[in-house]
Amino acid sequence: MATIRNRPIRNIVLLTGAGISAESGIGTFRDNNGLWEQHRVEDVATPEAFARDPDLVHRFYDMRRAAIQQALPNAAHDALARLECEWTKRDGHDLLIVTQNVDDLHERAGVQFGLEKTRVLHMHGQHLTAWCTACDARPVWRDPLSDRPPCPECGVSALRPDVVWFGEMPYEMERIYDALRAADLFVSIGTSGAVYPAAGFVRDARALGVATLELNMEPSQGSDWFDEARHGPATQLVPQWVEEVLR
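Please read these numbers as outputs of a predicted model, since none were measured by experiment. Throughout this document, residue positions are counted from 1 along each chain, in the order its sequence is written. This being a predicted model, a pLDDT of at least 70 is required before a residue's local features are given, and a value of 80 or more before pairs of side-chain atoms are given or counted; all residues contribute to the totals for chains, interfaces and linings. Excluding hydrogens and water, the side-chain figures rest on all heavy atoms present in the structure.

Engineer: Describe the pattern of salt bridges, with residues and values.
Structural biologist: For this analysis, a salt bridge means a side-chain nitrogen from Lys or Arg found within 4 Å of a carboxyl oxygen belonging to Asp or Glu. A complete count under the given rule lists 16 salt bridges for this structure. With a shortest N-O distance of 3.8 Å, aspartate 227 and arginine 206 are connected by a salt bridge. One end of the pair, aspartate 227, is in the loop between strand E11 (211-216) and strand E12 (228-231); the other, arginine 206, is in helix H8 (residues 201-207), and 21 residues separate them in sequence. Each residue is assigned to one of three classes by its accessible area relative to the maximum for its type, calculated with a 1.4 Å probe on protein chains only: buried under 20%, partly exposed between the two thresholds, exposed over 50%. Accessibility expressed as a relative area gives 36% for arginine 206, which makes it partly exposed. A salt bridge links glutamate 228 to arginine 230; its shortest N-O distance comes to 2.9 Å. What emerges from the salt-bridge pattern is a single network uniting Arg40, Asp43 and Arg52. A run of H or I in DSSP becomes a helix once it reaches four residues, and a run of E becomes a strand once it reaches two; helices and strands are each numbered from the N terminus.

Engineer: Can you tell me about the domain arrangement of the protein, naming the residues and giving the values?
Structural biologist: By domain assignment, the protein separates into domain 1 (1-26 + 73-124 + 170-246) and domain 2 (29-70 + 125-163). Where each domain begins and ends follows an automated or database-derived domain assignment. One C-alpha centre belongs to domain 1, the other to domain 2; they are set 26 Å apart. We call two residues contacting when some pair of their heavy atoms lies within 4.5 Å. If you look at the interface, domain 1 gives 12 residues, while domain 2 gives 12 residues. Here domain 1 meets domain 2 over a buried area of about 880 Å², counting both sides, of which 51% is carbon and sulfur. Run the count over domain 1 and domain 2 and you get 0 salt bridges. Side-chain atoms alone can form a polar contact between residues adjacent in sequence; in general such a contact is a pair of N or O atoms within 3.5 Å, and within protein one must be able to donate a hydrogen while the other accepts it. At the boundary of domain 1 with domain 2, the tally comes to 5 residue pairs in polar contact (both at pLDDT 80 or more). Each of two parts loses accessible area, computed with a 1.4 Å probe, when they are put together; buried area is these two losses added.

Engineer: Got a sec to walk through the packing of aromatic side chains? Specific residues and values, please.
Structural biologist: Between 30 and 60 degrees the pair is tilted, below 30 it is stacked and above 60 it is edge-to-face, where a pair is any two Phe, Tyr or Trp rings, Trp via its six-membered ring, whose centres lie within 6.5 Å. As enumerated under the stated definition, the model contains 5 aromatic pairs in all. Measuring from ring centre to ring centre gives 5.8 Å for tyrosine 177 and phenylalanine 201, while their planes differ by 85 degrees; the resulting arrangement is edge-to-face. Residue tyrosine 177 is found in helix H7 (residues 173-182), and its partner phenylalanine 201 is found in helix H8; the two are separated by 24 residues along the sequence. Summarising the aromatic geometry, the rings of phenylalanine 186 and phenylalanine 226 are spaced 6.4 Å apart at their centres and angled 15 degrees between planes, so their arrangement reads as stacked.

Engineer: So what about the sheet that holds strand E7 (residues 120-122)? Which residues, and what values?
Structural biologist: Think of it this way: DSSP has to see at least two bridges between two strands before they count as a pair. Ordered in space as E7-E6-E3-E10-E11-E12, the 6 strands form an open sheet in which the pairing is parallel. For this open sheet the edge positions go to E7 and E12, each flanked by a neighbour on one side alone. Taking the axes of each pair of neighbouring strands and ignoring which way they run, one obtains an average angle of 15 degrees across the sheet. Here strand E3 (residues 11-16) pairs with strand E6 (residues 94-99) via 6 bridges, running parallel. By the bridge assignment, isoleucine 12 is partnered in E6 with leucine 95. Only C-alpha atoms enter the line fits that serve as axes; for helices the fit covers just the stretch in contact. Angles between N-to-C directions range over 0 to 180 degrees.

Shown next, in the form of structure tokens:
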């Protein structure tokens, strides 16, 4: 049985952020100037921005949607897919990957391991679905939204990117907290520790007595809250850690 600091591990919750997809060529959310691919966050990632200039917001997300479809999973995604495949076959073991990322690289990595449905929860939504604000449908969507296509469910042209913007509530928070309460280990991979509520999960886990581990390029803003922290590229750290867990 896997252990951390001599503690048995059966249920694992993993939080992944932009750092795990950066090595696949997907830009991190912000750079040091507070910009997101040369746009102010306030201009492309809030409900107010969409109401003020929907054309700009649609163009921005259309470009990102197209770019994500050209990216490929990296060794860190592959390692987590392998972990999910092998870990959940063990009696009484479970795993949930909570990702802040809106790409589908976890899912595509899972296909390589025969996972028809991965245990991945997109708390900030997904680029490859759209949200119809008229009927609440969330159809799979790979094409541009800037030309205002009709919703395939209701026919109304009221589709927007299915991503959680600043000022909006992340998806499935109750399920995430239920998983943390049942967890033995919480692992944060490639996150800045700056965006809440995800940045607070480590404190919630610690309060519940859950062991905590950080795998990140550099110390996050919440690094001191983790029982253990390892720093370096995700494509190196994650496969190494998965090997340890599966021994």
